[in-house]
Structure formats: C-alpha cells, structure tokens
Amino acid sequence: MATTTAPGPVRPAGRPAQDGPPSRRKRRTVRRSYLPYLLLVPAALLELGIHVVPMLVGVWMSLLELTQFHIRDWSTAPFAGFENYRVTFDFDSATGKDLLHSFWVTALYTTLSVGFSWMLGLAAAVFLQRPFKGRALLRTLFLTPYALPVYTAVITWTFMFQRDTGLVNHALDQLGLIDGANPPFWLIGENSFVALLIVSVWKSWPFAFLCLMAGLQNVPPELYEASAIDGANFWRRLRDVTLPMLRPVNQVLLLVLFLWTFNDFNTPYVLFGGSAPRQADLISIHIYQSSFVTWNFGLGSAMSVALLLFLLVVTAVYLLVTNRRREHA
Amino acid sequence: MRESTGERWARRIVLSLLTLFVVAPLYVMLSSGLKPLRDVQGPFTWLPSRVTFQPFVDMWQTVPLGRYLVNSLLVASSAAVVSVAIAIFAAFAISRYRFRGRQLFSVTVLSTQMFPGILFLLPLFLIYVNLGNATGIELYASRLGLTITYLTFSLPFSIWMLVGYFDSIPRGLDEAAQVDGAGPLRTLFQVILPTAVPGIVAVTVYAFMTAWGEVLFASVMTDEHSRTLAVGLQGYATQYNVYWNQAMAASVVVSIPVVIGFLALQRYFVAGLTAGAVK
C-alpha cells in the first residue's frame, strides 16, 4: 500500500553524466540527499505534535491517578502503575462490565455496518457498470451521502426517527407495518441499535461504492466477454471475474471501513445528543462519557490505550492473513 | 455482452431501492426547511401545508449561525490550504526520491489514521490548555488550535492521494526540465504542479470536507466564540422547543458548498483512488 511504482531499479541521488564537472555533481548529491527530508519536515512535525506526542502522553496519563482533583495541575497526579488497567479489565466490577458490554455492541455494530455497506456498494457498482440512460445521475446521487457533512446527515435522521413527528413511523404506519396509535420509539430502548446501524450504513456505503467503482474500472472488458462466451451467468461472472479482480481494493477498503466504524463517534454523538442509550453504547462514546462526565482522565486513557492495542492487533493479523492469501492465490 | 431479462429486472429493482434509501433523508432535509413550524411539530407530512422561506430567515436568529458559519469557513479553508501545501512537498519527496526512512514515514503517517480520536483528544486537550497557560498562545478554544488539529486529519490521505497523482506523471518530464537546468523545486512548481492540478483541487476539497464535518474535537476544543457549525447546529433543539424546520434549513445551507464541490470533482476522486488502490 505504501510502496510506489518506481520505474527501474533504485537510483542513487545524483544525476547522470550530463550534469557537468565532478566537483559540482558531488555538491549536488550532498544537497539532494537531504532535500527529501527537508520536504517532509512540516508534515512530520505536525504528525508528531498532534498525533504521536499526544498518543504517548495518553499512554503516560493512563498510568496516573488523573481524577478531578489533579486536572488543574496534572504534575501533582500520583503515579498509579497499572491500577487504571486493572479497573478497565476487571469485568466483574460495574466499570469493567459496562466496558465489555460496550465492546460487544461496537463489534456487532461494526460487523453489520461494514457488511451492509460493502454489499450495497458492490451491488451499486456492479449494476452501474453497464451504460444506460440516467447512469451518471444515479452515480452522483449515490455519492451525495458521502459528501454531506456528517452532522447535517445525522440531524436529519434524528428528525426522521422522532416518534411522533418523524418520517419513519409515518411511512411504516402508511404501509400498515406498525400500530399508528402506539408507534415505537427509535432513539431510546431496543430500537436505538437498529436506528444507529441504518444511519451508519447510509453514510458509509457510498464510500464503498466509490472505491469499488474505481476498482471495477481496472477490470479489462475482455475478461467479461471471455466468460460470457463460456456461457457464465451473472453469479459466475461475479464470482470468477469481478470479485477476484476487486481483491486488492477490498483488502484496503474493508480495513478502512472497519477502523472508521469501530472508532465512530460522530454518528451516535449527534443522533442521541451526547449520551447513547445502553443498547447503542459504542466504545468511543463510552470512553468519552467515562472521561468527561466523571473527570477520570486516567481511566479514560487506559481504556483508549486498550482500544488502540486491540485495533493494532486486529489490523496486523488482518494484513498478515490477507497478504499471505494473496501470495498463495 | 447482452444483459439477460432477469439481470435487467434485478438491476432496476436494486437501483430503485437504493435510490429510495438515499433520497428519503435528502427529501426530508430539503422539504422540511420550507415548512412552517406547526408542520414539523405535528405528525409528519410529505408536503408542506404551505411553502414558506421563513425558516431560512429565522435560523440566523435562533442560534448565532452567522458566527458559526464564519468560524467553520475560516477553520476549514485555512486547514485545507495549509494541509495541501504541506502534503504537496511530502508527496513530492515520496514520489520522486528514494531515501532511508521513506517507508517508515509512509507507514507511520498512514497508521495515525487508525488511532481512535478519543485517545489523543484528552492529551491534546490538556496539552493545549497547558501550552496556553505557559506561553500565552491560545490553542484551546481557539480557531488556531482547531485549524492545526484539523489539518493533520486530512494530511495522511492527502499525501497518499497526491503520491498516486505524482507517480502517474512521467519522469521524462522531470528529466527534461532538469536537463534545462531546473532544480528540484522548480521542477515541482513548473512541471509537476501544473500537470497535477485536478488532483490538487480534489485533495483540497477533501481536506475542506474533513474539517467542515468534524464533530468530536469541535465539541471539546471550542467555546461559544470559536464554536463551529458541527456543534452549533445542534442548538436548534432547545429546552422548550425543537425548531426542526430551521435545523433542516440550516443543514441545507451548510451542506450545499461541500456537496457541490465534491460532486463537481467526483471523477478526480475516483482517479485518485484508482491511482492509490492499484499499489
């Protein structure tokens, strides 16, 4: 993913002979050899300052007893060792139990959201492969949810999910699917998970569509023609041509979707207005609540570090497995 | 290759259902902004009882939308411009040079994308507050702090996409310029940048969208004066009343610039993704 396509073997930094006398060429080589580093300095500094250093500080904070008494001057916070981690992973206590519950909710949410988003994206990309009237319009329309700012999309869904004034209950009532006199709540209780999932899929499937569409453009049409001559039907073409050709795109796409969805904060935060109902208590919201409501930043940091470690392990295993499979294929 | 009848019907049904799913919220957003308040306080109606533009007028009064809009515009456009400028240099280095640490840099930058935002939100919040106390540079609750934070959010993906674009520009062009005596920076500005304009515009729009739509940091790192739309738009739900028609009207106004920008440039995004994805 991070390697670029360099034509030919790696070349030493200097230019070939026509560059002039040797002494000049030598000076150039030296100057050039640190030019790439100079070019990277601004980007590296920002990434260090805003991501890497705060992350290390976060790890440090997770080892402190950083409660509301020490927040003004956190150099006074006593060192707590792994106490915060002990609390985090003590699944018999209320704190640990809630965290574990939130983890499972997030895992289920991520699996379903990524799965549906990928399937819808694939269906749209495949069915929009063939030219027909209105194709460009549909493509543009399908990308619109991705372009909308997250919060405007989610505020609109919040309105649609209102029990008495929203579109969802109204439409379900018109279709005769619910009892109009006693419509269900969507944003509290059991249904809140479904509501969250619908909003999440609505917002992420266009990204899957965009990537898969880009991937399909690399499929040579001859492959389809060859398989059509072989008498392959729609499903066989999908299985034997489309999906294998999309494998490199899928490898990156599924990982990116997984990470975004697992870390998703914006959707539940806007949909439920700050605190999520228990059935839809995603891990980011849970950690945010544990930190800012109780002002226990040490514990919040320990939970965040645990989350990062989990994501690192999953990503590493995923890349190992998919790369190996790709090599064997 | 002919399309079988079954396939044609499957295509029609699937695409119709998807259209319905995508359009429903867009329709609610567009139509509810034209409804009088009592329409959105009673049971949902598909059409306004009468069409009114009043919500588009009132929305500026209910919450200080003008201020939020200015804040968001300033933060998102400066974050976009600075982030793309920085990404151009970084992408040029990665695309055109082989040097020690090149791989390490690419991997590190991309992997910061994977950090849970919540992990560095708390430390960054404390760092900004303490840095402000120590040096007097207001980073917490200021547009400057928010801008710096946001520009790092779009940086990894911008670099990645620009490397893809730069790689697709033949090196023959660089070499021709160098034979003419152009140094590396002149090559970048006079040969590569003009050729990569569509890619650069697409990346700028992406960076703008990222900053325009961010919620988590905006909700912690801003106060009443530096508040952006992401938080401000939730103000239409007050303790006594929810002005859904105004919230929808404001959503339309806030969405239009980014949606138009993105849709106008969609094919460059596809091109950028293709360039990135084949690697």
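All chains use their own residue numbering, which begins from 1 and follows the written sequence. By the order in which they are written, chains take letters starting at A while ligands take numbers starting at 1. At least 70 in pLDDT is required for a residue's local features to be given in this predicted model, at least 80 for side-chain atom pairs to be given and counted, and no such filter applies to totals for whole chains, interfaces and linings, which use all residues. As a rule here, side-chain values cover all heavy atoms of the structure and leave hydrogens and water aside.

Glancing now at the interface of chain A and chain B. Tallying the contact residues gives 107 residues for chain A and 104 residues for chain B. Taken together, the two surfaces of chain A and chain B that pack against each other cover about 9700 Å², and 76% of this comes from carbon and sulfur. Arg237 of chain A is paired through a salt bridge with Glu7 of chain B; the nearest N and O atoms lie 3.2 Å apart. Here a polar contact means two N or O atoms within 3.5 Å. Within protein one must be a hydrogen donor candidate and the other an acceptor candidate, and residues neighboring in sequence count only if both atoms are side-chain atoms. If you look at where chain A meets chain B, you find twelve residue pairs in polar contact (both at pLDDT 80 or more). The helix count covers DSSP runs of H or I at least four residues long, the strand count covers runs of E at least two residues long, and both are numbered beginning at the N terminus. Considering each element in turn, the side of chain A that touches chain B owes the most residues, 19 residues, to helix α1 (residues 22–61) of chain A. Each residue receives one of three labels: charged for Asp, Glu, Lys and Arg, nonpolar for Ala, Val, Leu, Ile, Met, Phe, Trp, Tyr, Cys and Pro, and polar for the others, Gly being one of them. Among the residues forming the side of chain A that touches chain B, the class breakdown is 72 nonpolar, 27 polar and eight charged. Only heavy atoms enter the contact rule, under which two residues are in contact if any of them lie within 4.5 Å. Defined in terms of a 1.4 Å probe, buried area is the accessible area two parts forfeit on being brought together, summed over both. Any Lys or Arg side-chain nitrogen found within 4 Å of a carboxyl oxygen on Asp or Glu counts as a salt bridge.

With that out of the way, let us pick up the nonpolar core. Ranked by internal contacts, the top residues of the largest apolar core, which has 191 residues, are Phe142 of chain A together with Ile159 and Phe166 of chain B. Tallying contributions element by element places helix α7 (residues 191–216) of chain A first for this core, with 17 residues. Ignoring any residue separated from it by four or fewer positions in sequence, one finds Phe142 of chain A in contact with Ala124, Leu128, Trp205, Pro206 and Phe209 of chain A together with Leu15, Leu18, Thr19 and Val22 of chain B. We call a set of buried residues a nonpolar core when its members are Ala, Val, Leu, Ile, Met, Phe, Trp, Tyr or Cys and they connect through side-chain atoms within 4.5 Å of each other. When accessible area is computed with a 1.4 Å probe and restricted to protein chains, residues below 20% of their type maximum are described as buried, those above 50% as exposed, and intermediate ones as partly exposed.

Before going further, it helps to spend a moment on the packing of aromatic side chains. All names here are of chain A. In summary, the pairing rule links any two rings of Phe, Tyr or Trp, Trp by its six-membered ring, whose centres are within 6.5 Å, and it sorts them by plane angle into stacked for under 30 degrees, edge-to-face for over 60 and tilted for everything else. Considering all chains together, one arrives at 39 aromatic pairs over all chains under this definition. Pairing Trp295 with Phe297 gives two aromatic rings, centres 5.6 Å apart and planes at 70°, and the pair type is edge-to-face. Look at Trp295 and you get partly exposed, because its relative accessible area is 36%. Among the aromatic residues, ring-to-ring pairing joins Phe103, Trp104, Phe258, Phe262 and Phe310 into one connected group.

Residue and element names in this part refer to chain A. Of note, Thr294 is situated in the loop between α12 (283–292) and α13 (297–328). Since its relative accessible area comes to 45%, Thr294 is described here as partly exposed. Residues Thr294 and Thr67 lie 227 residues apart in sequence; the distance between their C-alpha atoms is 8.2 Å. Every residue in contact with Thr294, bar those within four places of it in the chain, is listed here: Gln68 and Gln289.

Next up on the list: the UniProt feature "domain: ABC transmembrane type-1" (unreviewed entry) in chain A. Sites flagged by UniProt as "domain: ABC transmembrane type-1" (unreviewed entry) map to residues 103–320 of chain A. The span residues 103–320 of chain A carries 74% helix and 0% strand; its end-to-end C-alpha distance comes to 24 Å. UniProt positions are given in the numbering used here, feature names are shortened, and annotations may be inferred rather than shown by experiment.

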